[in-house]
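Coordinate inspection notes
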Amino acid sequence: MSNTIWNLDPTHSELTFKVKHLMISNVKGEFTKFNATIEGDTFENSKITATVDAASVFTNNTDRDGHLKSADFFEVETYPSLKFESTSITKEDEGEYTLIGELTIKGTTKTVELDVEFGGYMKYPYGNQKAGFSIEGKINRKDFGLNWNAALETGGVLVSDDVKITAEVQFAKTEA
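All residue numbers here refer to positions counted from 1 along the written sequence of the relevant chain. Given that the model is predicted, a residue must reach a pLDDT of at least 70 before its local features are reported, and side-chain atom pairs must reach 80 or more before they are shown or counted; all residues, however, enter totals for whole chains, interfaces and linings. As a rule here, side-chain values cover all heavy atoms of the structure and leave hydrogens and water aside.

1. Comments concerning the overall build of the protein
On a plain count of helices and strands, the protein comes out with one helix and eleven strands. Starting at the N terminus, the α and β elements of the protein follow one another as β-β-β-β-β-β-α-β-β-β-β-β. Summary of the burial criterion: residues with accessible area below 20% of their type's maximum are buried, those above 50% are exposed, and those between are partly exposed, where the area comes from a 1.4 Å probe applied to protein chains only. Per-residue burial for the protein yields a buried fraction of 35% across its 176 residues. In this description, contact between two residues means that some pair of their heavy atoms is separated by no more than 4.5 Å. Partitioning the intrachain contacts of the protein with sequence separation of at least 6 by distance along the chain shows that 55% fall at a separation of at least 24. What sets the accessible areas is the Shrake-Rupley method with a 1.4 Å probe; for residues, cover comes only from the shown protein chains. Total accessible area computed for the protein in this model is approximately 10,100 Å², and 50% of it derives from carbon and sulfur atoms. Segments assigned H or I by DSSP are reported as helices when at least four residues long, segments assigned E as strands when at least two residues long, and all are numbered from the N terminus.

2. Considerations on the confidence of the model for the protein
A residue's pLDDT is the predictor's confidence in that residue, given on a scale from 0 to 100. Residue-level pLDDT values for the protein average 84, and 86% of them are 70 or greater. Ranking the elements of the protein by mean pLDDT puts strand β3 (residues 25-31) last, at 80, and strand β5 (residues 47-53) first, at 96.

3. A closer look at unusual backbone geometry
Look at E75: it is not a glycine, yet its phi comes out positive at around 50°. On the secondary structure map, E75 appears in the loop between α1 (62-69) and β7 (81-93). One non-glycine residue, K106, adopts positive backbone phi at about 55°. Mapped onto the elements, K106 comes out in the loop between β8 (96-105) and β9 (108-123).

4. Observations regarding the pattern of salt bridges
Charged atoms that come close allow side chains of opposite charge to pair. Any carboxyl oxygen of Asp or Glu within 4 Å of a side-chain nitrogen of Lys or Arg constitutes a salt bridge here. One pass over the structure, following the stated rule, counts four salt bridges. Between K47 and E85 there is a salt bridge, with its nearest N and O atoms 3.3 Å apart. Of this pair, K47 sits in strand β5 while E85 sits in strand β7, placing them 38 residues apart in sequence. On the basis of relative accessibility, which here comes to 36%, the residue K47 falls in the partly exposed class. With a shortest N-O distance of 3.5 Å, E94 and K91 are connected by a salt bridge. Since its relative accessible area comes to 64%, E94 is described here as exposed. Taking relative accessible area as the criterion, K91 reaches 39% and is therefore assigned partly exposed.

Right, here's the structure in full:
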């Protein structure tokens, strides 16, 4: 019996995040290099793994990107990647799932819960089958040692602790 493996199609996928800045608006960023696989014969019984290149963080501001790569945040020289490994996938409704897994950032691993919307399957014109997913979740950056902040003279902080994560991903099917 073959095991089905779905590999990320990076040209049709994005991994973004938003964090509240100055307590009044969100700043968006993304990771431009990441990979993921889904391994299993059914989605509910599969193993999902993802690796993100921490140095690929991009917020459209060179100084901010440099700060995010520094020891204040991702410390990319010591911790070059972020990792995710699923522990369970639960079907909540038609096309809606809860994905629970272990997220490792900066050497710290914590359990995270993500909402997954299955977009469906489609035969790609070039022959292979594709599957699409929208993923959302929220983490507290301080849980992972991303503690840098600055107090504002008006009260509050420069950067919120909560980080919203969003992924729009496509996978291509292969047989192992």
